[in-house]
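Chain residues, written in single-letter form:
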Amino acid sequence: MLLKEYRICMPLTVEEYRIGQLYTISKHSHEESDKGEGVEVVRNEPHIDPVHGEGQFTEKRVHLSSKLPSWARAVVPRIFYITEKAWNYYPYTITEYTCSFLPKFSIHIETKYEDNCGDNENIFNTDKNNSEREVCFLDIAYDDIPDRHYKSSEDLRCFASVKTGRGPLKEGWREKDKPVMCSYKLVSIKFEVWGLQTRVEQFVHKVIRDILLIGHRQAFAWVDEWYNMTMDEVRKYERDTQEATNEKIGPVAPTICVSEVSKPSTSRSAPSSAPSTPVNGDPPDFLNVPKDRPRKKSAPEMLTLPELRERSLPK
């Protein structure tokens, strides 16, 4: 497991970001979706937790086969999805990701929001030694993002909000500008597959880093679009956008799963620690090295689906 804590500051208050978070997630999901791929909303409903109180539960399927690097596409089916389950008890949230194809893969994200510049050193009250997790500060104005995601309208070194009068963000803005808030995100990634664990966990953390940076940049760059919204208005925007996004994706072909498990009721208590993946069973045969021959440093010889492999065996 690879554990990192990300701290992302924004020139907003925690109360303001309650609306901005919902608006940004909906708009970003819609923009990133296309025919056959993107974010499909399965469930979005109120949820009551015995510990955290009233909140919102969402379940989404993220279809992204073509967005994988070439080495990953070599070992997964052409069509698969990531399942996202989120419990939002703002200003505290829990998000879990599991894969429809890899049963030993999971991501757990615990988030807390505070009105400060990221100087709370133990916001998660963890007993773990600090050396076990890496703390990463992300600067929404000055950290690099992939070129394909750059938009001049979202360059916070130049952007100035009309409605709030905030921005552009200058060097040292986190310590100088007011207001300022911080998103603290404790991210744990598990991929327990021999020969691929380190590579996959590092790659996923890089992807998450980029997503967090881009998402928080957009939250402020779009502030004039959501700043005067009420909760009822942003919930309506969320519902309308979700419908439009699902229509944009269109019907998705059946995916390959290792096994099916019943969905937990949203009335249960939200998980309090990094979960094991909800899919049971060992990895597919073609990801295992046969026991009767020595392991090789390269990938297994056959990266075909079990059904196709059976056809290739001599009769």
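In this text, all values refer to a predicted model and were calculated from it rather than measured experimentally.

Colleague: Teacher, can you tell me more about the nonpolar core here?
Modeller: Looking at soluble globular proteins, one finds that nonpolar side chains tend to be buried together. Grouped together as the largest cluster of nonpolar side chains are 57 residues, with contacts concentrated most on Phe105 and Ile107. In terms of residue count, the dominant contributor to this core is helix H4 (residues 197–221) (nine residues).

Colleague: I tried to follow the pattern of salt bridges on my own but got confused; where do I start?
Modeller: Note that side chains of opposite charge can pair when their charged atoms are close. Tallied over the entire structure, the rule returns 15 salt bridges. Among the salt bridges present, the one from Glu5 reaches Arg133, with a minimum N-O distance of 2.8 Å. Note that Glu5 is positioned in strand S1 (residues 2–10) and Arg133 in the loop between strand S6 (105–114) and strand S7 (134–138), a separation of 128 residues in sequence. Here Glu5 falls in the buried class, since its relative accessible area comes to 1%.

Colleague: Can you walk me through unusual backbone geometry in this structure?
Modeller: Across the chain, the bulk of peptide bonds are trans and the bulk of non-glycine residues have phi less than zero. Omega for the peptide link from Gly167 to Pro168 comes to -5 degrees, which places this bond in the cis form. Residue placement: Pro168 occurs in the loop between S7 and helix H3 (173–176). The amide bond that connects Lys178 to the next residue, Pro179, takes the cis arrangement and shows omega of 0 degrees.

Colleague: Please explain the sheet that holds S6 as it appears in this structure.
Modeller: Sheets are built from strands that pair by backbone hydrogen bonding, the pairs being arranged parallel or antiparallel. One open sheet holds the eight strands; their spatial order is S2-S3-S4-S5-S6-S8-S1-S7, and the pairing between them is mixed. Strand pairing shows two members of the sheet lacking a second neighbour, strand S2 (38–49) and S7, which therefore form its edges. Along the sheet, successive strands turn relative to each other by an average axial angle of 15 degrees, direction set aside. The pairing of strand S5 (residues 92–99) with S6 spans seven bridges and is classified as antiparallel. The partner of Ile94 across the bridge, within S6, is Glu110. On the sheet, helix H6 (residues 231–249) packs against S2 and strand S3 (53–63) and is oriented at approximately 145 degrees with respect to S2.

Colleague: Sorry, what's going on with the packing of aromatic side chains here?
Modeller: Aromatic ring pairs are described here by two measures, namely the spacing of the ring centres and the angle between the planes. Counted according to the given criterion, the structure contains seven aromatic pairs. Plain terms: the ring middles of Phe105 and Phe191 are 6.1 Å apart, the flat faces sit at 70 degrees to each other, and that makes the pair edge-to-face. With Phe105 in strand S6 and Phe191 in strand S8 (residues 181–191), this pair connects stretches of sequence that are 86 residues apart. According to the relative accessible area criterion, Phe105 is buried, its value standing at 7%. Between the aromatic rings of Phe159 and Phe220, the centroid separation amounts to 5.4 Å while the plane-to-plane angle is 90 degrees, which identifies the pairing as edge-to-face. Here Phe159 is found in the loop between S7 and H3, whereas its partner Phe220 is found in helix H4, with 61 residues between them in sequence. On the basis of relative accessibility, which here comes to 13%, the residue Phe159 falls in the buried class. Accessibility expressed as a relative area gives 0% for Phe220, which makes it buried. Clustering of aromatic rings is evident, with ring pairs tying together Tyr17, Tyr90 and Tyr113. Positioned above the aromatic ring of Trp222 is the side chain of Lys27, whose terminal nitrogen or guanidinium carbon lies 4.2 Å from the ring centre.

How each quantity is defined
- Residues numbered from 1 in each chain as written.
- Predicted model: local features only at pLDDT ≥ 70, side-chain atom pairs only at ≥ 80, totals over all residues.
- Heavy atoms only, no water.
- Core = buried A, V, L, I, M, F, W, Y, C linked by side-chain atoms within 4.5 Å.
- Buried < 20%, exposed > 50% of the residue type's maximum accessible area, 1.4 Å probe, protein only.
- Helix = DSSP H or I, 4+ residues; strand = E, 2+ residues; numbered from the N terminus.
- Salt bridge = Lys/Arg side-chain N within 4 Å of Asp/Glu carboxyl O.
- Pairing = 2+ DSSP bridges.
- Axes fitted to C-alpha atoms, helices over the stretch in contact; angles between N-to-C directions.
- Contact = heavy atoms within 4.5 Å.
- Phe/Tyr/Trp six-rings, centres within 6.5 Å; stacked < 30°, edge-to-face > 60°.
- Lys NZ or Arg CZ within 6 Å of the ring centre and 35° of its normal.

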